Amino acid sequence: MDLHVVGPAATPDERAAVDAVLDPEIGVASGWTGGERSPGDGHVAYGGHGARSRRDLLLPALEALQGSAGWVSRGGLNHVSRRLSVPPAEVYGVASFYALLPTTPRPPTVIHACDDLACRLAGAEALCAGLEAALGPAGDADDGADTTWLRSPCLGQCERAPAALVTIAGSAPRARAVAPATHTTLLDAAATPGDSPDPDPERVATLVPQTGDPGLRLLARCGSVDPTSLDAYRASGGYEALARARAMGPGAVIDEVTASGLVGRGGAAFPTGRKWAAVAAQPATPHCLVCNADESEPGTFKDRALLEEDPFAIIEAMTIAGFATGAELGYCYLRGEYPLARARLENAIAQARAAGLLGGDAGFDIELRIGAGAYIAGEETALFESIEGGRPEPRNKPPFPVEFGLFGKPTTVNNVETLANVPLLLRLGADAYRAIGTGGASTGPKLFCVSGDVARPGVYETPFGATLGDVLALAGGVRDDRPLQAVLLGGAAGVFVGPDAVGLPLTFEATRAAGATVGSGVVLVYDDTADLPDALHRIAAFFRDESCGQCVPCRVGTVRQEELLARLAAGRPLGSLDQELALFADLAQGMRDASICGLGQTASSAIESALRAGLVRFAEPAEPAGATA
């Protein structure tokens, strides 16, 4: 394919940033082997098929541009287009999808202030007001300004809300999570030169309040074993499970995982052993493996705890999964808002390679891919599109990933917590692992992300079968002993329950029977002072913003849902309150029935549950607005 790339050229800094990411031979010289061409005619076949076959490097190249200049310029897009032989329109289409890859000028320093569910309860609006007073309205910046700020969806720092992410572009781009944050600490962080500071030593005790508890299994190393040292990991029993897996053989490993009853911990609860067996049995090769670490569900931060404090366990688990399913290469797709997790994973992968545990004779290697601010990329097929260099829009199913996944090959996809269970169950054995839980789909330990109006927010580990009240007690109960108003289970795509649900066992079976969900493990607590209508409106705004727009039911439905809730909150329904609620029910049903993926199918779940349980009641106005209001 000849590319006719017109427009500005990249700056030397932009070229250097992109060229540092791409393989040196990709698209450097023209692939044209015909007769002479007129100089400067613009028609160049840069690298041909060889360049296009590495389109999976498009997202890393775009991130390099953003890290260099703070935004993705047209000249930078043109350079990436030439190097990878991807049409400029397609490069722009990918870049413009992601929130962290702006395609209009932006100052090099950006403060991303979270105003999502947990942070709203901790003063996010006051934080944003302070930033606006200091820097002007969100997104605005005077010409020549070096700092701006933006409102952000959940940053996964819910245990230390309110939170923010500070990104600083330049020759050595860096990012730093600041939590708990004030506008003063954020301005200080934005002005701090040099490398990002070392993590706060008290951070781990806040993230994992159970640190040191001898009963911990998945979180046992958090706060007690150096997450940056392979030697420390091995001294604590690390890589024993991989040795056992190699001694057992791939088939026996899959049988053990199946017998353990382990199911996915990302929300879908699909049996892990069945998924592995289906991929292993596929005749098409190569097989692929993906660790879904794009943890973006509001209120969820359990995977961050594992990635930051026990990264070698995830590397070992991916290696076991690759061995069992016949995959030689795995991808770990990490959300871009987790800078410390990224550093810890990069270090763990490098040390594992140096020790011969990855790459070369190990027979399995891992590539790290960094997301760029798109909730929908956590959907497994959208994640494939993102890795492959496309817009992260979900694919229709079937075919399913076990047959046609990443790069069209049989693919295993597991989330971080699911993988973290694999070394544990291989060390314990399937029977002992099953004994930890309640049987059925609820075997083994479970991590819960507790935040909001509780005394000790953090990630908590319990065996399956603990009640909601048990988990709340671990977190010290409702803050200041205030009455409990509601709990959001499972995140923005989850379900609200009232105070009468404290005896609910947090198992897949019990929550399903109660019309609730375990989901991603979110337990977001609201006391009697919390503004639940505001929370419902924020959930609706979240799904409106995060819909990929590919299918009409979700693209239109999420907008109409947010508009409807805004009208109800303002006391200006179209017609009567009953008419608005009936319209909302129709919208929700339409999105459930016709949306391509789970985003649209669950966009109304939490809102419906709050209304159904009577946790939120909107007042009937004295004079309903007319149909044109």
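The rules behind each value
Residues numbered from 1 in each chain as written. Predicted model: local features only at pLDDT ≥ 70, side-chain atom pairs only at ≥ 80, totals over all residues. Heavy atoms only, no water. Helix = DSSP H or I, 4+ residues; strand = E, 2+ residues; numbered from the N terminus. Rg over C-alpha atoms; globule rule 2.2 N^0.38 Å. Areas by Shrake-Rupley, 256 points an atom, 1.4 Å probe, with all protein chains shown as cover. Lys, Arg positive; Asp, Glu negative; His and termini not counted. Charge placed at Lys NZ, Arg CZ, Asp CG, Glu CD. Contact = heavy atoms within 4.5 Å. Axes fitted to C-alpha atoms, helices over the stretch in contact; angles between N-to-C directions. Parallel < 35°, antiparallel > 145°, perpendicular 65-115°, else oblique. Left-handed = near helix turned anticlockwise from the far one by under 90°. Salt bridge = Lys/Arg side-chain N within 4 Å of Asp/Glu carboxyl O. Buried < 20%, exposed > 50% of the residue type's maximum accessible area, 1.4 Å probe, protein only. Pairing = 2+ DSSP bridges. Domains from an automatic or database assignment. Buried area = accessible area lost by both parts, 1.4 Å probe. Polar contact = N/O pair within 3.5 Å; in protein donor to acceptor, adjacent residues only side chain to side chain. Patch = residues over 30% accessible without salt bridge, like charges linked within 9 Å, V, L, I, M, F, W, Y side chains within 5 Å. Phe/Tyr/Trp six-rings, centres within 6.5 Å; stacked < 30°, edge-to-face > 60°. Lys NZ or Arg CZ within 6 Å of the ring centre and 35° of its normal.

Caption draft 1: Examining the overall build of the protein more closely. Within the protein one finds 26 helices and 15 strands. The C-alpha atoms of the protein give a radius of gyration of 25 Å, which matches the 25 Å a tight globule of 629 residues would have. Here the C-alpha coordinates of the protein stretch approximately 80 × 65 × 50 Å along the principal axes. Of the roughly 24200 Å² of accessible surface on the protein, a fraction of 52% belongs to carbon and sulfur atoms. A gap of 3 Å separates the mean positions of the 50 positive and 75 negative side-chain charges of the protein.

Caption draft 2: Highlighting the environment of L568. Within the secondary structure layout, L568 lies in helix α23 (residues 552-570). C-alpha of L568 to C-alpha of P533: the two residues are 35 residues apart in sequence and 9.1 Å apart in space. Setting aside its immediate chain neighbours within four residues, L568 contacts P573, L577, E580, L581 and F618.

Caption draft 3: Region of the structure containing the packing of helix α4 (residues 74-84) against helix α5 (residues 88-95). Two elements in contact, α4 and α5, have axes separated by 9 Å at closest approach and are oriented at 120°. Here α4 is positioned oblique relative to α5, judged by the angle of their axes. Here the hand of the crossing between α4 and α5 comes out right-handed. Across from L77, N78, V80 and S81 in α4, the residues of α5 making contact are P88, V91, Y92 and A95.

Caption draft 4: Structural view of the pattern of salt bridges. Under the defined criterion, the tally for this structure stands at 38 salt bridges. R342 is paired through a salt bridge with E346; the nearest N and O atoms lie 3.1 Å apart. Of this pair, R342 and E346 both sit in helix α16 (residues 339-354), separated by 4 residues, roughly a single helical turn. Residue R342 is classed as partly exposed on the basis of its relative accessible area, which comes to 37%. Taking relative accessible area as the criterion, E346 reaches 38% and is therefore assigned partly exposed. Ionic pairing is found between D453 and R479, a salt bridge with its closest N-O pair at 3.3 Å. With D453 in the loop between β11 (445-452) and β12 (458-463) and R479 in the loop between α20 (468-474) and β13 (484-489), this pair connects stretches of sequence that are 26 residues apart. Assessed through its relative accessible area of 31%, R479 is described here as partly exposed. Linked through salt bridges whose partners overlap, the residues forming this network are D115, D116, R120, E125, R151, D534 and R538.

Caption draft 5: Region of the structure containing unusual backbone geometry. A161 connects to P162 through a cis peptide bond whose omega is 0°. The residue P162 is located in the loop between β4 (147-152) and β5 (164-168) in this model. A cis geometry characterises the amide bond from A179 onward to P180, with omega recorded as -10°. Mapped onto the elements of the fold, P180 is located in the loop between β6 (174-178) and α8 (183-191). The residue F407 is not glycine, and still its phi comes out positive at about 55°.

Caption draft 6: Structural view of the sheet that holds strand β7 (residues 287-293). As summarised here, the arrangement of the 4 strands in space is β9-β8-β7-β10, forming an open sheet in which the pairing is parallel. On the outer flanks of this sheet lie β9 (365-370) and β10 (411-415), each paired with one strand and no other. Strand-to-strand, the axes of this sheet are offset by a mean angle of 20°, without reference to chain direction. Across 5 bridges, the pairing between β7 and β10 is parallel. Directly across from L289, in β10, lies its bridge partner T412. This element, helix α15 (residues 311-325), spans β7, β8 (327-334), β9 and β10 of the sheet and lies at about 155° to β7.

Caption draft 7: Representation of the pairing of β4 within the structure. Here β4 lies mainly inside the structure; 5 of its 6 residues are buried. Across 6 bridges, strand β3 (residues 109-114) lies against β4 in parallel orientation. If you follow T109 over to β4, its bridge partner there is T147.

Caption draft 8: Broad picture of the domain arrangement of the protein. For the protein, the assigned domains are domain 1 (12-95), domain 2 (109-197), domain 3 (207-431), domain 4 (436-527) and domain 5 (532-612). Taken over C-alpha atoms, the centre of domain 3 sits 25 Å from the centre of domain 4. Contacts between the two partners involve 31 residues from domain 3 and, on the opposite side, 27 residues from domain 4. Of the roughly 2100 Å² buried between domain 3 and domain 4 on both sides combined, carbon and sulfur atoms contribute 62%. Where domain 3 meets domain 4, there are 1 salt bridge. Ionic pairing is found between K446 and E417, a salt bridge with its closest N-O pair at 3.1 Å. On the surface where domain 3 and domain 4 come into contact, there are 14 residue pairs in polar contact (both at pLDDT 80 or more).

Caption draft 9: View of the packing of helix α14 (residues 302-309) against helix α18 (residues 416-428). Between α14 and α18, the shortest axis-to-axis distance is 9 Å and the interhelical angle comes to 50°. With respect to α18, the axis of α14 lies oblique. Where α14 abuts α18, its residues K302, D303, L306 and L307 lie against V416, E417 and A420.

Caption draft 10: Fine view of a negative patch on the surface. There is a patch of like negative charges on the surface, built from E132, D140, D142 and D143. Mapped onto the elements, D143 comes out in the loop between α7 (124-135) and β4.

Caption draft 11: View of the packing of aromatic side chains. The full count for this structure, using the stated rule, is 9 aromatic pairs. With a centroid separation of 5.2 Å and 45° between ring planes, the pair formed by F464 and F508 is classed as tilted. Of the two residues, F464 is situated in the loop between β12 and α20 and F508 in helix α21 (residues 508-513); the sequence distance between them amounts to 44 residues. Classification of F464 as buried rests on a relative accessible area of 3%. The structure contains a cluster of three or more aromatic residues connected by ring pairs, namely Y233, Y239 and F312. The ring of Y239 carries R234 above its face, with NZ or CZ at 5.8 Å from the centroid. Positioned above the aromatic ring of F323 is the side chain of R246, whose terminal nitrogen or guanidinium carbon lies 5.4 Å from the ring centre.

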